[in-house]
Amino acid sequence: MSSWQCMICGGTGFVDRGRKADYTLCQCVRCGTVTIDPLPTAEELARLYTEYSSTPGYLIKREKKLRRSRRRLVRLRRLAPGKRLLDVGCNLGYTVAAGNALGMEARGIDIDPATIAQAKELFGAEHFEAVTVEDFARRGEKFDMVYTAETIEHTLDPVSYT
């Protein structure tokens, strides 16, 4: 713990915000970012997500999530008017489905193969892929808009998002 360093700003001072399992929640005193210590390895993180099951009731909220996704994309398209959308950490694919309904060419990626299998079943296999954002980025594909929500905190290298 004495060698802890904020992944965002490089600060070394932190406030202990609690513990869960073998992890300590550390809040950087300089920028306020909260991370866990120690960070899981890529293999540990992948195992956590392959053992993850969707939140109970999440699928029940389908129409509500689709409406909210449509509203968000309509607003965001004013800033990024192109058609190609990538949803990173797409979960069950509501934003991808909303984008396609709005005439976009939307695709979604997520690290969890079980969730991607459900998204494919719900909204079409051609729109979804189980892959890490790092592996997907290496392909060099271009998009007009990259959307991500509640995802950055699940990456091992959040600075790579910039």
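Before any of the text, the structure's been laid out above.
Residues numbered from 1 in each chain as written. Predicted model: local features only at pLDDT ≥ 70, side-chain atom pairs only at ≥ 80, totals over all residues. Heavy atoms only, no water.

## Here's the deal with the environment of Gln118
Phase 1: Along the chain, Gln118 turns up in helix α4 (residues 113–123).
Phase 2: The spatial distance from the C-alpha of Gln118 to the C-alpha of Gly93 is 8.7 Å, given a sequence separation of 25 residues. (Helix = DSSP H or I, 4+ residues; strand = E, 2+ residues; numbered from the N terminus.)

## A few points about the sheet that holds strand β5 (residues 105–110)
Phase 1: Ordered by their spatial adjacency, 4 strands build an open sheet running β6-β5-β4-β7, and the pairing between neighbours is parallel. Strands at the two margins of the open sheet, each flanked by one partner only, are β6 (128–130) and β7 (145–148). For this sheet, the mean angle separating the axes of adjacent strands, direction not counted, is 20°.
Phase 2: By the bridge criterion, 5 bridges tie strand β4 (residues 84–88) to β5 in an arrangement that is parallel. Across the sheet, residue Leu86 finds its bridge partner in β5, namely Arg107.
Phase 3: Most of the contacts of α4 go to β6, to which it runs at about 165°, and overall it touches β5 and β6. (Pairing = 2+ DSSP bridges. Axes fitted to C-alpha atoms, helices over the stretch in contact; angles between N-to-C directions. Contact = heavy atoms within 4.5 Å.)

## So, the packing of helix α2 (residues 62–79) against helix α3 (residues 94–101)
Phase 1: The geometry of α2 relative to α3 is characterised by a closest axis approach of 8 Å and an angle of 60° between their N-to-C directions. As summarised for this structure, α2 and α3 are arranged oblique, according to the angle between their axes. Our pair here, α2 against α3, has a crossing hand that is right-handed. Note on element contacts: α3 touches α2 through Tyr94, Thr95, Ala97, Ala98 and Gly99, opposite Arg62, Lys65, Leu66, Ser69, Arg70 and Leu73. (Parallel < 35°, antiparallel > 145°, perpendicular 65-115°, else oblique. Left-handed = near helix turned anticlockwise from the far one by under 90°.)

## Looking at the packing of aromatic side chains
Aromatic ring pairs: the centre-centre distance and the angle between the two ring planes describe each pair.
Phase 1: The final tally for this structure, using the stated rule, is 3 aromatic pairs.
Phase 2: Taking 6.1 Å as the distance between ring centres and 40° as the angle between the ring planes, the aromatic pair formed by Phe136 and Phe143 counts as tilted. By the burial criterion, Phe136 is buried, and Phe143 matches it.
Phase 3: Of note, Arg84 hangs over the ring of Phe143, and the distance from its end group to the ring centre comes to 4.4 Å. (Phe/Tyr/Trp six-rings, centres within 6.5 Å; stacked < 30°, edge-to-face > 60°. Buried < 20%, exposed > 50% of the residue type's maximum accessible area, 1.4 Å probe, protein only. Lys NZ or Arg CZ within 6 Å of the ring centre and 35° of its normal.)

## A short note on α4
Phase 1: Buried within α4 we find Thr115, Ile116, Ala119 and Phe123. Looking down the long axis of α4, one finds its buried residues gathered within 100° of arc, a one-sided arrangement.
Phase 2: Turning to α4, the residues buried within the fold contact α2, α3, β5 and β6.
Phase 3: Downstream of α4 by a residue or two, Gly124 has a phi angle that is positive, lying close to 110°. (Arc of directions from axis to C-beta.)

## So, the pairing of β7
Phase 1: Here β7 shows a clear split, with Met145 and Tyr147 buried on one side and none of Val146 and Thr148 buried on the other.
Phase 2: Pairing of β4 with β7 involves 4 bridges; the strand directions are parallel. From the neighbouring strand, Asp87 faces β7, where its bridge partner is Tyr147.

## Considering unusual backbone geometry
Phase 1: A cis amide bond links Asp37 to the next residue, Pro38, at an omega of 0°.
Phase 2: Its place among the elements puts Pro38 in the loop between β3 (34–37) and α1 (42–50).
Phase 3: Although it is not a glycine, Ala21 adopts a positive phi angle of roughly 55°.
Phase 4: For Ala21, the position within the fold is in the loop between β1 (14–20) and β2 (23–28).
Phase 5: Of the residues examined, Ala21 reaches a relative accessible area of 73% and is grouped as exposed.
Phase 6: Residue Asn91 is not a glycine yet carries a positive backbone phi of 55°.
Phase 7: Within the secondary structure, Asn91 sits in the loop between β4 and α3.

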